[in-house]
Amino acid sequence: MATLLETSRLDKSFGALKATDDVSLAVDAGEVHAVIGPNGAGKTTLIAQLTGELAPDRGTIRFDGRDITGLPTWRRTRLGLARSFQITTLLPQMSAEDNVALAVQARSGSSFRFFADARRDTTLRGPARSFLERVGLAPVAQTRCRELSHGEHRQLELAVALALQPRMLLLDEPLAGMGQEDSARMVALLRSLKSELPMLLVEHDMDAVFSLADRVSVLVYGRIIATGTPQAIRDDPAVRNAYLGGQGG
Amino acid sequence: MLLFLEQLLNGLQYGVMLFLLAAGLTLVFGIMGVINLAHGSLFMVGAYAAAAVAGHTGSFALAALAALAAAGGAGLAVEFLVIRRLYDRDHLDQVLATFGLLLFFNELVATLAGRTPLFMQPPAWLGGAVEIIPGVPYPTFRLAILATGVAVAAGLAFLIARTRLGMLIRAGATHRAIVGALGVDIRLLFTLVFALGALLAGLAGLMAAPILAVQVGMGEQILIATFVVVVIGGLGSVRGAFVGALLVGLVDTLARAFVPGLLKQVFAPTTADALGAGLASAAIYLLMALVLVFRPRGLLPA
Amino acid sequence: MPAPLASAQLPATPPASVARRRVVLLAGCLLLAALPAIAHGAGQPFLIATFTRFVIYAIAAVSLDLILGIGGLTSFGHAAWFGLGGYVVAIAAFHAQDASTLLGWGGSTEALVVWPLAIAVTALVALPIGALSLRTSGIHFIMITLAFAQMLFYLFVSVKFYGGDDGLAMQRRNTLAGADLRDATVFYYVCVACLVAWTTLCAAIRRSRFGMVLSGCRQSERRLLALGYPVYRYKLVAFVLAAAGAALSGALWANAARFVSPDMLAWVKSGELMVMVILGGTGTLFGPIAGAFVLLGVEQLLSAWTEHWMLILGPLLVLFVVFARRGLWGLVAGER
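A brief report on the enclosed structure follows. (Residues numbered from 1 in each chain as written. Chains lettered and ligands numbered in written order. Predicted model: local features only at pLDDT ≥ 70, side-chain atom pairs only at ≥ 80, totals over all residues. Heavy atoms only, no water.)

**Overview of the overall build of chain A**
Just so we agree on the cut-off: To qualify as a helix, a DSSP run of H or I must reach at least 4 residues; to qualify as a strand, a run of E must reach at least 2; elements of each kind are numbered from the N terminus. Taken over C-alpha atoms, the radius of gyration is set against a globule rule of 2.2 Å times the number of residues to the power 0.38. Think of it in three bands: with a 1.4 Å probe and only protein chains considered, a residue is buried below 20% of the maximum accessible area for its type, exposed above 50%, and partly exposed in between. Only the protein chains shown count as cover for residues, with accessible areas throughout obtained via the Shrake-Rupley method and a probe of 1.4 Å.
Helix and strand counts for chain A stand at nine helices and ten strands. Rg of the C-alpha trace for chain A: 18 Å, near the compact-globule value of 18 Å for 249 residues, within the 12% margin. The principal-axis extents of the C-alpha atoms in chain A amount to approximately 60 × 40 × 35 Å. Within chain A, the proportion of its 249 residues that are buried is 54%. Surface accessibility of chain A: about 10,400 Å² in total, with carbon and sulfur atoms responsible for 49%.

**Structural notes on the interface of chain B and chain C**
Note the threshold: We call two residues contacting when some pair of their heavy atoms lies within 4.5 Å. The term buried area means the drop in 1.4 Å probe accessible area that two parts suffer when joined, counted for both and summed. The working definition used for a salt bridge is a side-chain nitrogen of Lys or Arg within 4 Å of a carboxyl oxygen of Asp or Glu. Think of a polar contact as two N or O atoms within 3.5 Å of one another; within protein, one of them needs to be a possible hydrogen donor and the other a possible acceptor, and neighboring residues in sequence only count if both atoms come from side chains.
Tallying the contact residues gives 42 residues for chain B and 39 residues for chain C. Summing the contributions of chain B and of chain C, the shared interface buries around 3,900 Å²; its carbon and sulfur component is 82%. Considering only the side of chain B, the residues that lose the most area to chain C are L92(B), L96(B) and F99(B), jointly responsible for 16% of the buried surface there. On inspection of chain B and its partner chain C, the count reaches zero salt bridges. The interface formed by chain B and chain C contains four residue pairs in polar contact (both at pLDDT 80 or more). Elements supplying a minimum of two residues to the side of chain B that touches chain C: α4 (91-113), α9 (218-233) and α11 (269-294) of chain B.

**Considering the environment of A283(B)**
All names here are of chain B. As for its position among the elements, A283 is in helix α11. Sequence separation between A283 and V251 is 32 residues; the distance between their C-alpha atoms is 7.0 Å. Every residue in contact with A283, bar those within four places of it in the chain, is listed here: V251 and A255.

**Structural notes on the interface of chain C and chain A**
In this complex, chain C contributes 38 residues to the contact, which on the side of chain A involves 47 residues. It is R209(C), M212(C) and R223(C) that lose the most area in chain C upon contact with chain A, and together they represent 23% of the buried surface on that side. Applying the counting criterion to the chain C and chain A interface returns four salt bridges. A salt bridge links D117(A) to R207(C); its shortest N-O distance comes to 3.7 Å.

**Points about the packing of α9(B) against helix α5 (residues 138-158) of chain C**
If you want to describe how two helices pack, look at the angle between their axes and the distance between the axes. The condition that has to hold: Orientation is described by axes fitted as lines to C-alpha atoms, over the contacting stretch for helices, and by angles from 0 to 180 degrees between their N-to-C directions. Angles are sorted into four bins: roughly parallel if under 35 degrees, roughly antiparallel if over 145, roughly perpendicular if 65 to 115, and oblique for all others. Here a crossing is taken to be left-handed if its near helix is turned anticlockwise relative to the far helix by less than a right angle, and right-handed if that turn runs clockwise. For this classification, the nonpolar set comprises Ala, Val, Leu, Ile, Met, Phe, Trp, Tyr, Cys and Pro, the charged set comprises Asp, Glu, Lys and Arg, and every other residue, Gly included, is treated as polar.
Two numbers describe how α9(B) lies on α5(C): the axes approach to 10 Å, and their chain directions differ by 130°. Relative to α5(C), the element α9(B) is oriented oblique. The two elements α9(B) and α5(C) meet at a crossing, and its hand is left-handed. Contacts between α9(B) and α5(C) involve I224(B), F227(B), V228(B) and V231(B) from the former and H140(C), M143(C), L146(C), A147(C) and Q150(C) from the latter. Residues belonging to the contact of α9(B) with α5(C) are distributed by class as follows: seven nonpolar, two polar and no charged.

**Details of the side chain of T26(B)**
All names here are of chain B. Residue position: T26 is located in helix α1 (residues 2-32). Judged by relative accessible area, T26 falls into the buried class, the value being 0%. At 3.5 Å, the side chain of T26 forms a polar contact with the backbone nitrogen of S237. Excluding residues that lie within four positions of it along the chain, T26 makes contacts with V230, G234, L235, G236, S237, V238 and A241.

**Quick look at the packing of aromatic side chains**
Test applied: Note on ring pairs: Phe, Tyr and Trp rings are taken, using the six-membered ring of Trp, and paired if centres are within 6.5 Å. Classes follow the plane angle, with under 30 degrees stacked, over 60 edge-to-face and the rest tilted. Any Lys NZ or Arg CZ found within 6 Å of a ring centre and within 35 degrees of that ring's normal is scored as a charge over the ring.
Taken as a whole, this structure holds 28 aromatic pairs over all chains when the rule is applied. Plain terms: the ring middles of F161(C) and Y162(C) are 5.0 Å apart, the flat faces sit at 70° to each other, and that makes the pair edge-to-face. Following the ring pairs from residue to residue traces out a cluster consisting of F112(A), F114(A), F210(C), Y229(C) and Y234(C). If you follow R83(A) out to its NZ or CZ, it ends over the ring of F85(A), 3.9 Å from the centre. For R234(A), the ring lying beneath its charged end belongs to F210(A), and the centroid distance is 4.3 Å.

Pasting the structure below:
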């Protein structure tokens, strides 16, 4: 399978701390690739470099064969690399539908249009509603974002990312802070997307990772210590030692 | 060349005065996250107190005491009544409330002291001039300002680097929550820092009173220059404030002294004077724009 | 799309408050229209000139709200655009009066020429300044906009040819398509028309695609970047638009006072404009109009009562900020 996203020998240090240490990672088209690792392993720093919020000290990031290492965040999104945030970064004073419509708008050409009422624009609102339906948020479409529950925020994050119609999703702990029921629903949703969209999934929830991912990379102290199928990772003694040991294997 | 040396000293002297103000402003911002437009008013209050007391008693020592007491007292009152309520607010609210304070102080001073500028003589023992190099006299008082400013900067550096209060200030600037969690009375820390800033502003006012006209509005003029200093140096950074203050002091003074002359090489004298004055006034803002283009967070960010 | 679109068009605010807002807006428009008649009725026709100034400031306040309230960009140098617009008009009149030229142009006193010119020149100056200022954010942005405004302030102080410190007087008001603007009531309605047109335009912009992006920038710039918006460009366009609105206001002011001076660009003026916006309610566009009327009205009343009115106004401002969490528009129209 062709490689869609690829990092090569990525380094990022903060003072003496090596947050990302020689990370080479490849996500194939059609694959769900999970990155797991204990707290402080450098997952957040890795995501920030992939999205362009942090510049790596060394190394390159390629997306669809193109070097995107120096590109700003918004250009990466335009190339089709969409992300969800771990800590919800929705627009609090806008409705759920507004949030998704703004993503639809981002895909639909120039936003330097100053006169027509964007809230009455069916070319934005129609698709926005269908994405909300897809994640199960149609009933709260008109609710202001800050009044939604945590679980709804996570779902909305996903709807916004989908509305960008990306070629690949970067999911930063999409299950963080969710209850069991919400989690199960989100996992089901992600599984239904699996055939359409390649994903890079950074997640704590082991059950979810092992049930969704085609391949898993394990990040410890900024280094990838193993990459393989969920089964291979489960059986890897180095991984068990560094990471899974505490869970009693 | 001699003129240049003199202007250089003037620039440095203006620079250390700016530093006294910038240090307070940047500490208050760095630690409390409050932007205080009334900081220049404390400077003005200090200058007025000094000029008024010196005028009545003729004693520089009493004037100095009055300047520090007035600025410190006004600072404490402002912190207690207003700033304290603005810690967690939007910068916009802070700008607005302290803008109200500034209007108030201007009018208060105008009501109490009138609108005609006051003038103050430097004390007799600093009134003369010394020859910095043979044949070049320079006012002793200005040298004293320079020396005091450098001494205060050194004292501040010591305070911040070596004392417990300084440790809290450094920690507070970056990790406010952690300092709170250490069991430190954060309110007291804020009040202390604010009072320190007010005292430094009062000291600057005392120094400025004998060399500038003491008048309503003097606070704003220097406040805006202080903003430029703080932005150039990097908000919240005392070292940055020092570097920025000297840079701004030098650039402003040298530009005023030499730009009109340089323009006369090209333009007619009247045009050159007018244009030169404008360009010289704008020089520090140009400097700031340049710094921000290359270092948006200032030269030495905190 | 099978989804029912009717419900998609429901605004996020409940209908009751929409109705209330409309009533308040209508009442405001009627009041603006009736002010000259009221002034005449009260036997105080000179008040028309006072209200004209209120209206002119309101235009500048609305334009500041476009970036400050909607875009979340706290510009502390907005008076620079107000002053620049005024100066363009006064300088054009200056050259028309003494038959001299500026870069080969003989000046003009025709509003339809010089007002758009004031807007265009100001926008051209605001473009590079905005481009530089917007490299920063937060408190840095506040300070750099202040500093650039000071730069322009000193520029006009130093240009002695156009009066420098002393300012520049205009012999008479501009003509509008040949018609005289000398009549106070006519000029008042011209200013009101400008206010209504500008506010309507800003309200349309707020609802537009551009406005949605701008509002998004205020709420979370990070999100907008992740959506693929180059937010810098949107903020820059908003900055220039806001400057253009203030320039219109300044052009009107030059006509109202027949005089411009560097004081128009003074930073205290920028502060006053911010007060108007916040007093009225940030991001509401209509609120700042009320804010302008209330602030200037209070100033007028206090100054009639005591010379030291700022002793009262200053603490009033502080109290307002400390205790009122939403502006006048929120209290009256129930928005936000």
